[in-house]
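# Examination of the molecular architecture
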Amino acid sequence: MRGVNTHDRGFDPASVIAVDDLPDGLVAVDDAGRVVSVNRAAERLTGVPRERAIGADVTDVLPLRDAEGRDWWKWLDPYGGLSIRSRQVELPLLLDRRELLVAARFVRSPARGGRVVRVVVTLRDAAARHRLERSRADLVSTVAHELRSPLTSVKGFTATLLAKWERFNDAQKLVMLQTVNADADRVTRLITELLDVSRIESGRLEIRRQVVDIPARARRIIAGRVAAGEPEDRFVLTVNEPLPETWLDQDKIDQILANLLENAVRHGRGKVTIVVEPVEWGVAVSVRDEGEGVAPELASRVFRQFWRGNGRRRGGTGLGLFIVKGLVEAHGGTIGVQRAPGGGAEFRFTVPTGAPDFA
Ligand SMILES: Nc1ncnc2c1ncn2[C@@H]1O[C@H](COP(=O)(O)OP(=O)(O)OP(=O)(O)O)[C@@H](O)[C@H]1O
Ligand SMILES: [Mg+2]
């Protein structure tokens, strides 16, 4: 194998392959500061091909500097210093202008207090971690903001009612209490959604399978919207029989359908058409509307957390589709959005027929 480090004693191709699969960079250095091994991620991060790196001086292959521009290898001084040192904890360093999180381990012989025979360095791309941290910070601030506005209203109206109860007539009190009630519902819904998000992200979403009649579920959700005041002829349900028997989580299917229908009504326009049809490995459900649709370049973005297009003024939190996607994928299915045949958005998901759970 060309380019693979064979300087190592006990060279084992399988372990080299495994090391190459690591997401983090790995560089091993011998007792004289020469590179003996680099994995693929390290090649990518340093930009030095393996052929050139092996045998070269580590300060040339990996010229790491701290924020003040000091040479890291010089102040790390792996071969000098205290003979009980066994590692350098992870810290941010610069390689050219790129920030990497670098940690090192000193291998000694004998293991305790011996001289350093090898230094193993791991490199992690700091940009990815920064992105993650930023998205967490965004999440916290968005959640705080979303919770604060309904709570401000709840607090405002209750305080006003308590302070000036006598001064309002019944009709005014009723309006205030209805607002408080609706805002409390909003907080509850948001918290439920956030719990779903956290379950999806940590892979803790449980699917309890039973036979689910998808067209019947769709009919029920439509009936709910009609009962809530939507005109009946706004919804069209088309079922292409025969459908296979599907083993799914009924509550979650309801949640998926309700979300897609709500989006079609809230963000779309015109008639909402739901098509349920068999596909090779399961059942596909399309929800189409006649509104502006979703631009192709936004097609993947709409499924992200807190993403909302012009929907911002329509009062959503932008969690709906993220949760829908999580629920569909937890069933082993897929979801996408495209332009509906008659214009507007078409959200289409497919779920496999599934099988009963075996306890
Ligand atoms: N049928 C649709 N037609 C056009 N745009 C849509 C449609 N469905 C969703 N979108 C766009 O995708 C965005 C994200 O949808 P999502 O359901 O995740 O959030 P939301 O509806 O804004 O809030 P909620 O968390 O209450 O569902 C919406 O804000 C909207 O801009
Ligand atoms: Mg929505």
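Residues numbered from 1 in each chain as written. Chains lettered and ligands numbered in written order. Predicted model: local features only at pLDDT ≥ 70, side-chain atom pairs only at ≥ 80, totals over all residues.

Our focus in this paragraph is the overall build of the protein chain. Check the secondary structure of the protein chain and you find 10 helices and 13 strands. What you see for the protein chain is a C-alpha radius of gyration of 29 Å, clearly larger than the 21 Å of a compact globule of 359 residues, by over 25%. Here the C-alpha coordinates of the protein chain stretch approximately 85 × 65 × 45 Å along the principal axes. Contacts spanning at least 24 positions in sequence make up 57% of the contacts within the protein chain whose residues lie at least 6 apart. (Helix = DSSP H or I, 4+ residues; strand = E, 2+ residues; numbered from the N terminus. Rg over C-alpha atoms; globule rule 2.2 N^0.38 Å. Contact = placed C-beta atoms within 7 Å.)

Let us now look at the environment of D77. Structurally, the position occupied by D77 is in the loop between α5 (72-76) and β4 (87-95). Between the alpha carbons of D77 and L195 there is a distance of 48 Å; along the sequence they are 118 residues apart.

Another point: the nonpolar core. The nonpolar side chains of a soluble globular protein tend to be buried with one another. Judged by nonpolar contacts, the single largest core of 36 residues is most densely connected at I256, L260, V287 and V324. Looking at this core, the elements with two or more residues in it are α8 (214-227), α9 (250-267), β10 (272-279), β11 (282-288), α10 (320-330), β12 (334-339) and β13 (345-352). Discounting residues that sit within four places of it in the chain, I256 has contacts with V324, L327, V328 and F349. Counting residues in each nonpolar core, the second largest holds 24 residues, with V38, L45, A53 and V58 among its members. (Core = buried A, V, L, I, M, F, W, Y, C linked by C-beta atoms within 7 Å. Buried ≥ 20, exposed ≤ 12 C-beta atoms within 10 Å, placed from the backbone.)

Reports of interface size often rely on the accessible area that becomes lost once the parts have come together. Segmenting the protein chain into domains produces domain 1 (13-127), domain 2 (130-201) and domain 3 (210-352). Each of domain 2 and domain 3 has a C-alpha centre, and the two are 27 Å apart. Between domain 2 and domain 3, the contact holds eight residues from the first and seven residues from the second. It is helix α7 (residues 170-201) that provides the largest number of residues to the side of domain 2 that touches domain 3, a total of five residues. (Domains from an automatic or database assignment.)

The next subject is the sheet that holds strand β2 (residues 35-38). Note on sheets: strands pair through backbone hydrogen bonds, and any given pair is parallel or antiparallel. Reading across from one edge, β2-β1-β6-β5-β4-β3 is the order of the six strands in this open sheet, with antiparallel pairing throughout. Looking at which strands have only one partner, the edges of the open sheet turn out to be β2 and β3 (64-65). Here strand β5 (residues 98-109) runs beside strand β6 (residues 115-125); their pairing, made up of 10 bridges, is antiparallel. If you follow F106 over to β6, its bridge partner there is V119. (Pairing = 2+ DSSP bridges.)

Once that is clear, we can look at the sheet that holds strand β8 (residues 235-239). Strand order in the open sheet formed by five strands is β8-β10-β11-β13-β12, and the pairing between neighbours is mixed. With one partner strand each, in any of the chains shown, β8 and β12 form the two edges of the open sheet. When the angles between neighbouring strand axes are averaged without regard to direction, this sheet yields 15°. Relative to β10, β8 runs parallel, the two being bridged by five bridges. For V239, the partnering residue across the bridge sits in β10 and is V276. Set on the sheet, α8 makes contact with β8, β10 and β11; between it and β8 the angle comes to about 175°. Sitting on the sheet, α10 is in contact with β12 and β13, with an inclination near 130° to β12. (Axes fitted to C-alpha atoms, helices over the stretch in contact; angles between N-to-C directions.)

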